[in-house]
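In case you want the letters, here they are:
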Amino acid sequence: QVQLVESGGGLVQAGGSLKLSCAASGDTSCISAMGWYRQAPGKEREWVAVISSGGNTNYGDSVKGRFTISRDNAKSTVYLQMNSPQPEDTAFYYCNVVCYVRGVSHDYWGQGTQVTVSS
């Protein structure tokens, strides 16, 4: 089992910056990829970014060039640096990790953190 706790959300002005963190605990040795999703009111959950255990990153088109995902494996923590956020980035942001146990993948989710971008 893996537990995830996000932090760093809040209110930010458009064009500012905000950094989200997600700390994993429990059986963190099984963690492979770590990523972020978001969900705005009335919309489906949207994938934001992912980082592999080797540090390879990939981003959704809506955040590419503005957001940066990183991880600290020693701390079992993944980060999302949000630069120049816009009001359309307002959403609940969720941390996700993929664990492999005996060749079977398991998804774990954090409880989410609210990000509100004011214009």
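Predicted, not measured: the structure shown is a model, and the values here were computed from it.

What counts and what doesn't
- Residues numbered from 1 in each chain as written.
- Predicted model: local features only at pLDDT ≥ 70, side-chain atom pairs only at ≥ 80, totals over all residues.
- Heavy atoms only, no water.
- Helix = DSSP H or I, 4+ residues; strand = E, 2+ residues; numbered from the N terminus.
- Rg over C-alpha atoms; globule rule 2.2 N^0.38 Å.
- Buried < 20%, exposed > 50% of the residue type's maximum accessible area, 1.4 Å probe, protein only.
- Contact = heavy atoms within 4.5 Å.
- Areas by Shrake-Rupley, 256 points an atom, 1.4 Å probe, with all protein chains shown as cover.
- Lys, Arg positive; Asp, Glu negative; His and termini not counted.
- Charge placed at Lys NZ, Arg CZ, Asp CG, Glu CD.
- Core = buried A, V, L, I, M, F, W, Y, C linked by side-chain atoms within 4.5 Å.
- Disulfide = S-S within 2.5 Å.

(A) Expanded view of the overall build of the chain. Scanning the chain from N- to C-terminus turns up 0 helices and 11 strands. Here the chain has a C-alpha radius of gyration of 14 Å; the compact-globule value for 119 residues is 14 Å, and the two agree. Burial analysis of the chain (119 residues in total) assigns 41% to the buried set. Considering only intrachain contacts with a sequence separation of at least 6, the fraction spanning at least 24 residues in the chain is 53%. Working note: accessible area of the chain is about 6200 Å², and carbon and sulfur atoms make up 47% of it. Measuring between centres, the 9 positive side-chain charges of the chain sit 4 Å from its 9 negative side-chain charges.

(B) How the structure looks around the nonpolar core. Within the largest apolar cluster, 30 residues are counted, with the highest numbers of intra-cluster contacts made by V2, W36, L80 and Y93. When residues of this core are assigned to their parent elements, the largest contribution, 5 residues, is made by strand β9 (residues 91–101). If we skip the residues at most four places from it in the chain, V2 touches A24, S25, D27, C30, I31, V97, C99 and Y108.

(C) Spatial organisation of the state of the cysteines. Here the structure, examined in full by the defined rule, presents 2 disulfides. Put simply, C22 and C95 are joined by a disulfide, and their sulfur atoms are 2.1 Å apart. Taking the torsion about the S-S bond as the criterion, the C22 to C95 disulfide, at about -80 degrees, is left-handed. A residue pair is termed long-range when its members are at least 10 positions apart, and C22 in strand β3 (residues 17–26) and C95 in strand β9 qualify at 73 residues. By relative accessible area, which is 0% here, C95 ends up buried. Linked covalently through their sulfurs, C30 and C99 form a disulfide whose S-S length is 2.1 Å. Judged by the sign of its S-S torsion, about 60 degrees, the cystine formed by C30 and C99 is right-handed. On the criterion of sequence distance, the pair formed by C30 in the loop between β3 and β4 (31–39) and C99 in strand β9 is long-range, its members being 69 residues apart. For the pair shown, C30 and C99 are each scored as buried. Cysteine pairing for the chain, with bonded cysteines counted in sequence order: 1-3, 2-4.

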